[in-house]
Amino acid sequence: MEDFIDAIKKCTDFHGRATRTQYWMFVLLYVFFLVVIKVIAIGSALVAIYTLALLIPTISIGARRLHDTGRSGWWQLLLLIPLVGTVILIVFYATKSQGDNQYGPQVSASSAAPDPSYAAPDPSYAAPDPSYGTPDRWFVLVFLAVNYAVLIMQRNGIAFVLVPLKADLALSDAQTGWLQTAFLVPYGASQLFVGYLSDRFTRRNVLMASLAASLLSLAGMGLVSSFNGLVAMRIILGFAQAASVPAIASVMGDVFTAKSRSTAVALYFCSYSISMYFAGWAGGTIADMPPLELGDTSATLAGWRTAFFTFSTIGLAWLGCMAFFFREPQRAERQQGTGLGKEGGSFGQTILSVVSVPSFMMIALVFLLYCIVNNVREFWLPRYTLETFGMSLEEAGVFSTQSIMFSTIVGNLIGGLWADWWAAKFRSGRLMVQAIAMLIWIPALVAIGSTANKDFMNYGMIAWGFAFGVYSVNLWTTTFDVVDPAARATATGLLNVFGMVASFVSPLIGYGIDPARQWYGLADVFNYLSVLSAVCFVFIALTILLFLKRDYRGPLECD
């Protein structure tokens, strides 16, 4: 946030320098606030006012970033060249800093850009505090957040094109439920092995391979003509994306320390909400379009297929950015002669070091129940709102994600700051925050499943999204507080192995709501989920009372 504020303060400075971290943190927060304004002020002039207000700060920090690479700020005129100019400027903005040049002395990763008339950088800005993480930690965070957003969009886009897809391929409700299971089972089962890869090998390569396979399988989904073909592509997508989250969690644990880890994860998880909203809007909008005619032939391309191809193309563009600009960070907090040591242990030793921790096993059990609730919400809520209120696909996609997205972002940010604050005071600080989130889920889920009033349901979704943000942002950090630093990726992978069990819930729901049976409705399902939230609260409380004191590995010596 300080980089964003600093860019506004220095909006008239077109002469100094700005590092990559300063520039990209400004861009990240600029986009974040823009999305929030669009969500809460659709159709108003606030978006235009916001854009105009930050126009000069955007140009000035862009000029200082170019100066830091030894280029003139006038290179920003490349923006007048459609697409090509933008790509060239992104490359320039992501280039490493030069040493001292004609625009002033080189500045550190978090110091303010100096005016060239000074003999040294502005002394009012202190050097970065290493106790909070590496100097380039915010730059790394931007890349991880965008990468996660692309993966989430590819993973969950199917939920927003489900109705036309179901009709086009003549699927039953039970078959549509199996589409989520086809992704989640291979995704969860392979976590047992792929998490270990990121504890021992280069995580940059793991992330790029995962993204490449993911976009190819998504493109394949746009070409299928049967239920079996779609299931096969979803299985491949599950395997493709399995290695990404453990690698991301491992990098986050290395570049941020315990003092700011929850806050960093909070900013990272905002990309989930933004991606879900974009997928809902874009997927529903494209799926509602008439079939696209293919040249002079009589063949057409259905809207839901076009949506898959669009999401795949976005993934390809981001893969190129990862290849050019993302670099592997150094490992951190590993100690020779302690636990698994600096180099880590064998596969068996690493797995055993994680599953032998009672607190981790309780955290994993809570995560399993959390996944049941979240998987049902992600997959079935768009259809539930469509049927309840008679919406179009686009309207259902936006309504079922808009308020949840916004409140989840708020929950992420508050939950991250809140957990870092309490974690500095109590060993159980992060878990206590999660327990409170579970209590909020109970009435929120009842509100979603108990009314046909759009406003009342929206209030329930806002509360649900807030609690979702508070809980999810602290999942990795509570895990890192109790497992060996050399097993972080493996531990994250094992969490998803537990979460895999939840993948069988969606086909059961589809089977039960099928018109041939109609054992229950989707409204009943959301009411039943509130009971699982109560169970989660009980399990978190037991972890705090019985196991955490023995298993804790964080910086505090006492509560």
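Residues numbered from 1 in each chain as written. Predicted model: local features only at pLDDT ≥ 70, side-chain atom pairs only at ≥ 80, totals over all residues. Heavy atoms only, no water.

Draft legend 1. Broad picture of the overall build of the protein chain. Of regular secondary structure, the protein chain possesses 24 helices and two strands. For the protein chain, with 559 residues in total, the buried portion stands at 58%. Once local pairs closer than 6 in sequence are excluded, the contacts in the protein chain between residues at least 24 apart make up 81%. When the accessible area of the protein chain is evaluated, it comes to approximately 22500 Å², of which 68% is carbon and sulfur surface. (Helix = DSSP H or I, 4+ residues; strand = E, 2+ residues; numbered from the N terminus. Buried < 20%, exposed > 50% of the residue type's maximum accessible area, 1.4 Å probe, protein only. Contact = heavy atoms within 4.5 Å. Areas by Shrake-Rupley, 256 points an atom, 1.4 Å probe, with all protein chains shown as cover.)

Draft legend 2. Region of the structure containing empty space enclosed by the protein. Throughout the structure, instances matching the rule amount to five cavities of 30 Å³ or more. There is about 540 Å³ of room inside the largest cavity. In terms of lining residues, the largest cavity is bounded by 31 residues, among which Y148, R155, F367, N374 and N496 are the most central. For the lining of the largest cavity, the secondary structure elements donating two or more residues are α6 (137–156), α8 (173–189), α13 (261–288), α16 (358–389), α19 (454–472), α20 (475–480) and α21 (488–500). Here the element with the most residues in the lining of the largest cavity is α16; it accounts for seven residues. Within this model, the second largest cavity holds a volume of roughly 70 Å³. The wall of the second largest cavity is formed by A159, F160, L162, V163, P382, R383, L386, L393, A396 and G397. Within the lining of the second largest cavity, the residues separate by chemical class into eight nonpolar, one polar and one charged. (1 Å grid on protein atoms, 1.4 Å probe; cavity = no way out; pocket = protein on both sides within 12 Å on 5 of 7 lines; lining within 4 Å. Points joined across faces, edges and corners; volume = space filled by probe spheres on them. Nonpolar A, V, L, I, M, F, W, Y, C, P; charged D, E, K, R; others polar.)

Draft legend 3. Up close: helix α12 (residues 244–255). Across its twelve residues, α12 extends 17 Å between first and last C-alpha, which sits within 8% of the 16 Å expected from 1.5 Å per residue. Here α12 lies mainly inside the structure; twelve of its twelve residues are buried. The complete set of buried residues in α12 reads S244, V245, P246, A247, I248, A249, S250, V251, M252, G253, D254 and V255. (Expected span 1.5 Å × (residues − 1).)

Draft legend 4. The confidence of the model for the protein chain, seen in detail. Taken as a whole, the protein chain shows an average pLDDT of 80; of its residues, 88% reach a score of 70 or greater. When the criterion is pLDDT under 50, residues 109–129 qualifies, and its contacts beyond four places in sequence or with other chains add up to 47 contacts. (pLDDT = per-residue confidence, 0-100.)

Draft legend 5. Here's a closer look at the nonpolar core. Core analysis: the largest hydrophobic core is formed by 156 residues, its most contacted members being L179, M252, Y268, F360 and W476. The residues contacting F360, other than those within four sequence positions of it, are V354, T479, V482, V483, A491, L494 and L495. Counting eight residues, the second largest nonpolar core, distinct from the first, contains V36, C270, Y277 and M405. (Core = buried A, V, L, I, M, F, W, Y, C linked by side-chain atoms within 4.5 Å.)

Draft legend 6. Examining the side chain of S210 more closely. Within the secondary structure, S210 sits in helix α10 (residues 203–221). With residues up to four places along the chain from it excluded, the contact list for S210 reads A240, Q241 and S244.

Draft legend 7. Spotlight on the pattern of salt bridges. With the rule as written, the count across this model stands at nine salt bridges. Among the ionic pairs, R203 bridges to E328, the shortest N-O distance being 2.8 Å. With R203 in helix α10 and E328 in the loop between α14 (303–325) and α15 (347–355), this pair connects stretches of sequence that are 125 residues apart. R488 is paired through a salt bridge with D254; the nearest N and O atoms lie 3.7 Å apart. You can see R488 sitting in helix α21 and its partner D254 sitting in helix α12, a full 234 residues away along the chain. In this structure, R488 and D254 share a single accessibility class: buried. Shared partners join several salt bridges into a network, and the residues in it are R203, D254, E328 and R488. (Salt bridge = Lys/Arg side-chain N within 4 Å of Asp/Glu carboxyl O.)

Draft legend 8. Inspection of unusual backbone geometry at higher detail. Although it is not a glycine, A170 sits at a positive phi angle of roughly 55 degrees. Mapped onto the elements of the fold, A170 is located in the loop between α7 (162–168) and α8.

Draft legend 9. How the structure looks around a nonpolar patch on the surface. A cluster of nonpolar side chains, namely F14, L52, L55, I56 and I59, defines an oily patch on the protein surface of about 460 Å² accessible area. Counting residues per element, the nonpolar patch draws most heavily on helix α4 (residues 55–68), which supplies three residues. The partly exposed category is assigned to F14, whose relative accessible area is 33%. (Patch = residues over 30% accessible without salt bridge, like charges linked within 9 Å, V, L, I, M, F, W, Y side chains within 5 Å.)

Draft legend 10. Up close: the packing of aromatic side chains. Applying the stated criterion to the full structure yields 18 aromatic pairs. Each ring, one from W422 and one from F426, has its centre 6.3 Å from the other, and the planes form 85 degrees; the classification is edge-to-face. Looking at W422, the relative accessible area reads 17%, which means it is buried. Among the aromatic residues, those joined into a ring-pair cluster are F367, Y370, W441, W464, F468 and Y471. Over the ring of F92 we find R71; its NZ or CZ atom is 4.0 Å from the centre of that ring. (Phe/Tyr/Trp six-rings, centres within 6.5 Å; stacked < 30°, edge-to-face > 60°. Lys NZ or Arg CZ within 6 Å of the ring centre and 35° of its normal.)

Draft legend 11. View of the packing of α15 against α21. Following both chains from N to C, one finds α15 and α21 inclined at 65 degrees, their axes separated by 10 Å at the closest point. When the interaxial angle is binned, α15 and α21 end up roughly perpendicular. You can see that α15 and α21 cross each other, and the crossing is right-handed. On the side of α15, the interface is formed by T350, I351, V354 and V355, while α21 contributes T490, A491 and L494. In the contact of α15 with α21, the residues fall into five nonpolar, two polar and no charged. (Axes fitted to C-alpha atoms, helices over the stretch in contact; angles between N-to-C directions. Parallel < 35°, antiparallel > 145°, perpendicular 65-115°, else oblique. Left-handed = near helix turned anticlockwise from the far one by under 90°.)

Draft legend 12. The state of the cysteines, seen in detail. All chains considered together, the criterion is met by zero disulfides. Among the cysteines around C371, which has no disulfide bond, C536 carries the closest sulfur, lying 9.7 Å off. The buried category is assigned to C371, whose relative accessible area is 10%. (Disulfide = S-S within 2.5 Å.)

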